[in-house]
Structures are given as structure tokens and as C-alpha cells.
Amino acid sequence: MESELQEQVKETEEPGFIDSFGDRLVFTGHLPKDASASMKKELALWFIEGCRRALQKNIDALNISPDCSTID
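Basis of the calculations
- Residues numbered from 1 in each chain as written.
- Predicted model: local features only at pLDDT ≥ 70, side-chain atom pairs only at ≥ 80, totals over all residues.
- Heavy atoms only, no water.
- Helix = DSSP H or I, 4+ residues; strand = E, 2+ residues; numbered from the N terminus.
- Contact = heavy atoms within 4.5 Å.
- Axes fitted to C-alpha atoms, helices over the stretch in contact; angles between N-to-C directions.
- Parallel < 35°, antiparallel > 145°, perpendicular 65-115°, else oblique.
- Left-handed = near helix turned anticlockwise from the far one by under 90°.
- Nonpolar A, V, L, I, M, F, W, Y, C, P; charged D, E, K, R; others polar.
- Core = buried A, V, L, I, M, F, W, Y, C linked by side-chain atoms within 4.5 Å.
- Buried < 20%, exposed > 50% of the residue type's maximum accessible area, 1.4 Å probe, protein only.
- Phe/Tyr/Trp six-rings, centres within 6.5 Å; stacked < 30°, edge-to-face > 60°.

## Considering the environment of Leu-55
Turning to step 1, where the next piece is worked out: Topologically, Leu-55 is positioned in helix H3 (residues 37-64).
Turning to step 2, where the next piece is worked out: Expressed as a C-alpha distance, the spacing of Leu-55 and Arg-24, which sit 31 residues apart in the sequence, is 21 Å.
Turning to step 3, where the next piece is worked out: Those residues in contact with Leu-55 that sit more than four places away from it in its chain are Met-1, Glu-4, Leu-5 and Gln-8.

Rendered as C-alpha cells:
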């Protein structure tokens, strides 16, 4: 999961990714077709950060969970 999170971070830092993601939010109906560029960017960043936080929360939960693989 940690490598997945790192890969997501790397992907979102590529030039044009945020703009493209904003356009996909319009295409999928999450934003109106006449949404401004700043609105697209704001919602794209909000969505991406939420996904990152959720994945990090899962990673943190797994890191504090007991290792049950050694139970006989």
C-alpha cells in the first residue's frame, strides 16, 4: 500500500495531471460543463488529497495492527 501511495503522489505531480483530472470531473458529471478552471483545479486537488489521506489512514491502521501470521 505504501508503494501505491508513493506512485499516486508521483503521478499527480506530473505536468498537466491536475487539469486533466479536473476535465475528467466535468466529463463524469461531478462538475458542471461551464465550471471554471480554478473550480476544476480546486475540486481535483480536494479529491486527490482525500484519496491520499484515506490510503494513508489505512496504512497507519495496518501498521498498528498486530501481526497474526505467527498465531498457531
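Now, onward.
## Observations concerning the packing of helix H1 (residues 2-12) against H3
For any two helices packed against each other, one specifies the inter-axial angle together with the distance between the axes.
Turning to step 1, where the next piece is worked out: Running from N to C, H1 and H3 point in directions that differ by 160 degrees, and their axes come no closer than 10 Å. The angle between H1 and H3 falls in the class roughly antiparallel. Taken as a pair, H1 and H3 cross one another with a handedness that is left-handed. On the side of H1, the interface is formed by Glu-2, Glu-4, Leu-5, Gln-8, Val-9 and Thr-12, while H3 contributes Ile-48, Arg-52, Leu-55, Gln-56, Ile-59 and Asn-63.
Turning to step 2, where the next piece is worked out: Partitioning the contact of H1 with H3 into residue classes produces five nonpolar, four polar and three charged.

## So, the nonpolar core
Turning to step 1, where the next piece is worked out: Ranked by size, the top nonpolar core spans nine residues in total: Phe-17, Ile-18, Phe-21, Leu-25, Val-26, Leu-31, Ala-35, Ala-44 and Ile-48.
Turning to step 2, where the next piece is worked out: Counting only elements with at least two residues in this core, the list comes to helix H2 (17-27) and H3.
Turning to step 3, where the next piece is worked out: Among the elements that line this core, the one with the most residues is H2, at five residues.

## Here we look at the packing of aromatic side chains
Turning to step 1, where the next piece is worked out: With the rule as written, the count across this model stands at two aromatic pairs.
Turning to step 2, where the next piece is worked out: Through successive ring pairs, a cluster of aromatic residues spans Phe-17, Phe-21 and Phe-47.

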